[in-house]
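Coordinate inspection notes
Each chain, written out:
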Amino acid sequence: MRTVYLNGEFMPAEQAKVSVFDRGFLLGDGVYEVIPVYDGLPFRLLQHLQRLQRSLNGVRMANPHTDDEWTSIIARLVTENGGGDQAVYLQVTRGVAARDHVFPEGVEPTAFVMSNHIKPLPASYKTEGVKAITVADIRWAQCDIKAITLLPNSLLRQQAEDAGAQEALLIRDGYLTEGSASNAYAVIEGVIYTAPKDEKVLPGITRDLVLELANKAGLPYLEQAVTEQQLNEASEIWISSSTREVLPVTTLNNKPVADGKPGPIWQQIERLYQRYKREGTM
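A quick note: this is a predicted structure, and the numbers were derived from the prediction, not measured.

Conventions we followed
- Residues numbered from 1 in each chain as written.
- Predicted model: local features only at pLDDT ≥ 70, side-chain atom pairs only at ≥ 80, totals over all residues.
- Heavy atoms only, no water.
- Buried < 20%, exposed > 50% of the residue type's maximum accessible area, 1.4 Å probe, protein only.
- Helix = DSSP H or I, 4+ residues; strand = E, 2+ residues; numbered from the N terminus.
- Pairing = 2+ DSSP bridges.
- Contact = heavy atoms within 4.5 Å.
- Axes fitted to C-alpha atoms, helices over the stretch in contact; angles between N-to-C directions.
- Parallel < 35°, antiparallel > 145°, perpendicular 65-115°, else oblique.
- Left-handed = near helix turned anticlockwise from the far one by under 90°.
- Nonpolar A, V, L, I, M, F, W, Y, C, P; charged D, E, K, R; others polar.
- Expected span 1.5 Å × (residues − 1).
- Arc of directions from axis to C-beta.
- Core = buried A, V, L, I, M, F, W, Y, C linked by side-chain atoms within 4.5 Å.
- Phe/Tyr/Trp six-rings, centres within 6.5 Å; stacked < 30°, edge-to-face > 60°.

1. Here we look at the pairing of strand 9 (residues 175-179)
The element strand 9 is extensively covered by neighbouring structure, given that four of its five residues are classed as buried. As defined by bridge partners, strand 8 (residues 167-172) adjoins strand 9 across three bridges and the pair is classed as antiparallel. Paired with leucine 169 across the two strands is glycine 179, which belongs to strand 9. Between strand 8 and the antiparallel strand that follows it, strand 9, lie two residues; aspartate 173 among them carries a positive phi value of about 55°.

Take a look at the structure:
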């Protein structure tokens, strides 16, 4: 039986209950993080907790725990759920209050954490690449906040699913922002492009690591958005997220990207990423 954490208590998942008056349930008033765990060790935990704090600040919500407390909670939960490779989901809502658009005063946040073993991705995702489509970015104007209000993302991801693709790449005002559940990259004339950190994209933890690895390897990159036309002409396209790591997109809108195979720059980043993980640099 899986263990979860809810408001100061560890308990079987089946026993966890949240009030129907919780603002997360009624208004989507909350933020979240997803933290990968390899061999029982959270990956880039400090960076994830820093992003959690930025999201909480962005919605004017108190953090119910210190970084040390979160670290302890996650460590215990991972251990109780069997260790190994897991994905930890952490959610904070504003708490239980009468339904009102105005923020309530004197309310304790609801803190929930669960973990699940990471299901291995199909090997073909890396040997052959994945498919993506381009769609209009219909999300709100504060995508840098990791909010639990994910209906637009779900609608976009479902469009990809309906089209037989693994991701939807989002176009806003003619420029690529990111994926429905990932950051996105385009390689043009040997340079890695990814959208800058602003209100239109999530500041991805994996994205930051990709750029760190590229920098150390001397691979040129620019934090600059590309146009839809540039995306269509790119020699390589990638997506990245905490649980899918870095994947090559080899088919875009039912057309091959370049020769339709994972490109050499992605292959180099993939080797560097996996080495980083093996070295245990968490």
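2. Let's talk about the sheet that holds strand 4 (residues 41-42)
Pairing within the open sheet is antiparallel, and its six strands lie in the order 2-1-6-5-3-4. Strand pairing shows two members of the sheet lacking a second neighbour, strand 2 (9-12) and strand 4, which therefore form its edges. Pairing geometry for strand 1 (residues 3-6) and strand 2, over four bridges, is antiparallel. Along strand 2, the bridge assignment pairs valine 4 with methionine 11. Lying on the sheet, helix 2 (residues 45-58) is in contact with strand 3 (30-38), strand 4 and strand 5 (86-93); it crosses strand 3 at an angle near 175°.

3. A word on unusual backbone geometry
Its identity is not glycine, yet arginine 60 carries a phi of approximately 55°, on the positive side. In the Ramachandran plot, asparagine 254 falls in the positive-phi region, its phi being about 70° despite a non-glycine side chain. Of note, asparagine 254 is situated in the loop between strand 14 (245-252) and strand 15 (255-256). Take asparagine 254: its relative accessible area is 69%, and that puts it in the exposed class.

4. Focus: the packing of helix 2 against helix 3 (residues 67-80)
As a packed pair, helix 2 and helix 3 sit with axes 11 Å apart at the nearest point and diverge in direction by 120°. The orientation of helix 2 relative to helix 3 falls into the category oblique. For the element pair helix 2 and helix 3, the recorded crossing hand is right-handed. Of helix 3, the residues touching helix 2 (which contributes Leu45, Leu46, Leu49 and Leu52) are Asp67, Trp70, Thr71 and Ile74. Across the contact of helix 2 with helix 3, the residue classes break down as six nonpolar, one polar and one charged.

5. Topic: helix 3
Relative to the 20 Å expected for 14 residues at 1.5 Å per residue, helix 3 spans 20 Å between its end C-alpha atoms, a close match to the ideal helical length. Looking only at helix 3, the buried set comprises Trp70, Ile73, Ile74, Leu77 and Val78. Looking straight down helix 3, one finds its buried side chains confined to an arc of 125°; they lie on one side. Exposed residues lying more than 90 degrees from the buried face of helix 3 are Asp68 and Thr79.

6. With respect to the nonpolar core
Core analysis: the biggest nonpolar cluster contains 22 residues, and Leu52, Trp70, Ile74, Val88, Leu90 and Val113 have the highest contact counts within it. Those elements that place two or more of their residues in this core are strand 3, helix 2, helix 3, strand 5 and strand 6 (110-117). The biggest single contributor to this core is helix 3, with five residues. In this view, tryptophan 70 contacts Leu49, Leu52, Asn63, Pro64, His65, Leu90, Val92, Ala111 and Val113; residues no more than four positions away in its chain are not counted. Tyr125, Leu176, Val226 and Ala234 belong to the second-largest nonpolar core, a separate cluster that totals 20 residues.

7. Concerning helix 6 (residues 205-217)
In a regular helix each residue adds 1.5 Å, so 13 residues correspond to 18 Å; helix 6 covers 19 Å between its end C-alpha atoms and thus fits that length. Among the residues of helix 6, Ile205, Thr206, Arg207, Leu209, Val210, Leu211, Leu213 and Ala214 are the ones counted as buried. Remark: glycine 218 follows helix 6 within two positions and exhibits a positive phi of approximately 75°.

8. As for the environment of histidine 101
Among the structural elements, histidine 101 can be located in the loop between strand 5 and strand 6. For the pair histidine 101 and leucine 27, spaced 74 residues apart in sequence, the C-alpha separation works out to 8.1 Å.

9. Observations regarding the packing of aromatic side chains
For the structure on display, the rule yields six aromatic pairs. With 5.3 Å between their ring centres and 75° between their planes, tyrosine 38 and phenylalanine 43 make a pair best called edge-to-face. We classify tyrosine 38 as buried; its relative accessible area is 8%. Pairing phenylalanine 43 with tyrosine 273 gives two aromatic rings, centres 6.1 Å apart and planes at 55°, and the pair type is tilted. Residue phenylalanine 43 is found in the loop between strand 4 and helix 2, and its partner tyrosine 273 is found in helix 8 (residues 264-278); the two are separated by 230 residues along the sequence. Accessibility expressed as a relative area gives 3% for phenylalanine 43, which makes it buried. Joined through ring pairs, the aromatic side chains of Tyr38, Phe43, Tyr273 and Tyr276 make up one cluster.

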